[in-house]
Amino acid sequence: MLPFLLDAGLVRGRLVRLGPALDEILGGHDYPAMVAERLAETLTIASALAGALKYEGVFTLQIQGDGPIPLLVADVTSAGDLRGYARFDAERLAAATQGTVVERCFGKGYLAFTVDQGPDTDRYQGIVALEGATLADCARAYFERSEQLATEMMLAVRPPRDGVGGGAGWRAGMVTIQRMPLGPRSPIFTAEEAGESWNRSIILLRSLREEELLDGAIAPARLLNRLYHADGLVTDPARALRARCRCSADRVRGTLRSFPRQEIEELKDENGEVVVTCEFCKTRYHYSATDLEAVYVTETDAP
Ligand SMILES: [Zn+2]
């Protein structure tokens, strides 16, 4: 994720590229193409959104609807740890052939973005209805409404390809630009010049081709330089993104403890174990009768 500024801060932007992280996240699931592509897009959008925020925490982008994909979640921490999963109904998905991609996948629904900065802090949440034809359109509506800034973006996702050169994995790329208000930091510009600067940055963004955006051989800084070399381009240090789930035996224990013991007992399998599978990374956590005993003993002893 590479943040950048144009024209002394009149335009703020971010470039996101994802490759191996998508392979790792999507490789752990067996999603139909329509689901995998939407999750890849959502992970990319979440990474760009999180990049706009300065504080530490977990940023979650969640899509819920009444369509064949009722739930899709992507989250990213300020450290760049990315994860995601989707629930879907394969039959309904196969039958959904009419309408836009968003209608076919999600039906009527909404996109919600949550920032969680840990216990004892308020959770921030913003929501928009899914009103665009693509997830990029919906995300743009979200950016504009929540941040009250004119926003343009380009998003492209490419599934793995077989064959030539041994094949290639998932690729995703996104560039967002936002028009910043004229302020004390930009005294040398008139309102008219600021408008021209914004229009030019949009036209240049639209000149970007999908192949360039997705081409891992073109480094992010070089790609931006090609686009905006004449527009006072300044880049901030890039931030790394990687696939990493935040689940742990400790967290699962905490979740188990939040349910009445009787309900957990009923989940025991034929071996007398309770098995909890993380929806994000598919890690399975096993709890024997003795382990469960310990879970509840800890609760009683806790202050
Ligand atoms: Zn996990």
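Below is a summary of the structure that appears in this document. Remember, predicted model here, so these are calculated numbers, not experimental data.

**Describing the coordination of the zinc ion**
In step 1: With distances of 2.2 to 2.3 Å, the protein atoms coordinating the zinc ion are Cys245 (SG), Cys247 (SG), Cys278 (SG) and Cys281 (SG).
In step 2: In this structure, the zinc ion is coordinated by four donor atoms arranged in tetrahedral fashion, with angles at the metal of 103 to 113°.
In step 3: Motif for the zinc ion, donor spacing along one chain: C-x1-C-x30-C-x2-C.
In step 4: Taking the relative accessible area as the measure of exposure, cysteine 247 reaches 21% and is therefore partly exposed.

**Here we look at the side chain of arginine 14**
In step 1: Within the secondary structure, arginine 14 is located in strand S2 (residues 11-18).
In step 2: Within the structure, arginine 14 has its side chain in polar contact with the backbone oxygen of alanine 48 (distance 2.7 Å).
In step 3: Arginine 14 has contacts with Met1, Leu2, Pro3, Phe4, Ala48, Gly51, Ala52, Phe143, Met174, Val175, Thr176 and Gln178, leaving out every residue within four places of it along the chain.

**Comments concerning the side chain of threonine 151**
In step 1: The topology assignment puts threonine 151 in strand S8 (residues 151-158).
In step 2: From its side chain, threonine 151 meets the backbone oxygen of leucine 149 in a polar contact 2.9 Å long.
In step 3: Discounting chain neighbours no more than four positions away, the residues touching threonine 151 are Arg140, Phe143, Glu144, Ile177, Gln178 and Trp198.

**Focus: the sheet that holds strand S7 (residues 124-129)**
In step 1: Spatial ordering of the open sheet is given by S7-S6-S3-S4-S5-S11, a layout of six strands whose pairing is mixed. Each of the sheet's edge strands pairs with one partner strand only, and the pair in question is S7 and strand S11 (242-243).
In step 2: As judged from the seven bridges shared by strand S3 (residues 58-65) and strand S4 (residues 71-77), these two strands associate in the antiparallel manner. Its bridge partner lying in S4, leucine 61 is registered against alanine 74.
In step 3: Sitting on the sheet, helix H2 (residues 33-50) is in contact with S3, S4, strand S5 (81-87) and strand S6 (109-116), with an inclination near 35° to S4.

**Re the environment of glutamate 131**
In step 1: Looking at the secondary structure, you find glutamate 131 in the loop between S7 and helix H5 (135-147).
In step 2: Through-space distance from the C-alpha of glutamate 131 to that of tyrosine 110 is 8.3 Å; in sequence the pair is 21 residues apart.
In step 3: Ignoring sequence-local partners within four residues, the contact set of glutamate 131 consists of Cys138 and Arg145.

**Quick look at the packing of aromatic side chains**
In step 1: Inspection of the entire model under this criterion finds four aromatic pairs.
In step 2: Considering the side-chain rings of tyrosine 85 and phenylalanine 280, the 4.8 Å spacing of their centres and the 90° angle between planes classify their relative orientation as edge-to-face. You can see tyrosine 85 sitting in strand S5 and its partner phenylalanine 280 sitting in the loop between strand S12 (274-277) and strand S13 (284-287), a full 195 residues away along the chain.
In step 3: Phenylalanine 280 sits in the buried class, given a relative accessible area of 15%.
In step 4: Just above the ring of phenylalanine 280 sits the side chain of arginine 83; from NZ or CZ to the centre is 3.7 Å.

Cut-off values and rules
- Residues numbered from 1 in each chain as written.
- Predicted model: local features only at pLDDT ≥ 70, side-chain atom pairs only at ≥ 80, totals over all residues.
- Heavy atoms only, no water.
- Donors = N, O, S within 2.8 Å, 3.2 Å for Na, K, Ca; no water.
- Tetrahedral: all angles 85-135°; square planar, octahedral: opposite > 155°, others 65-115°.
- Buried < 20%, exposed > 50% of the residue type's maximum accessible area, 1.4 Å probe, protein only.
- Helix = DSSP H or I, 4+ residues; strand = E, 2+ residues; numbered from the N terminus.
- Polar contact = N/O pair within 3.5 Å; in protein donor to acceptor, adjacent residues only side chain to side chain.
- Contact = heavy atoms within 4.5 Å.
- Pairing = 2+ DSSP bridges.
- Axes fitted to C-alpha atoms, helices over the stretch in contact; angles between N-to-C directions.
- Phe/Tyr/Trp six-rings, centres within 6.5 Å; stacked < 30°, edge-to-face > 60°.
- Lys NZ or Arg CZ within 6 Å of the ring centre and 35° of its normal.

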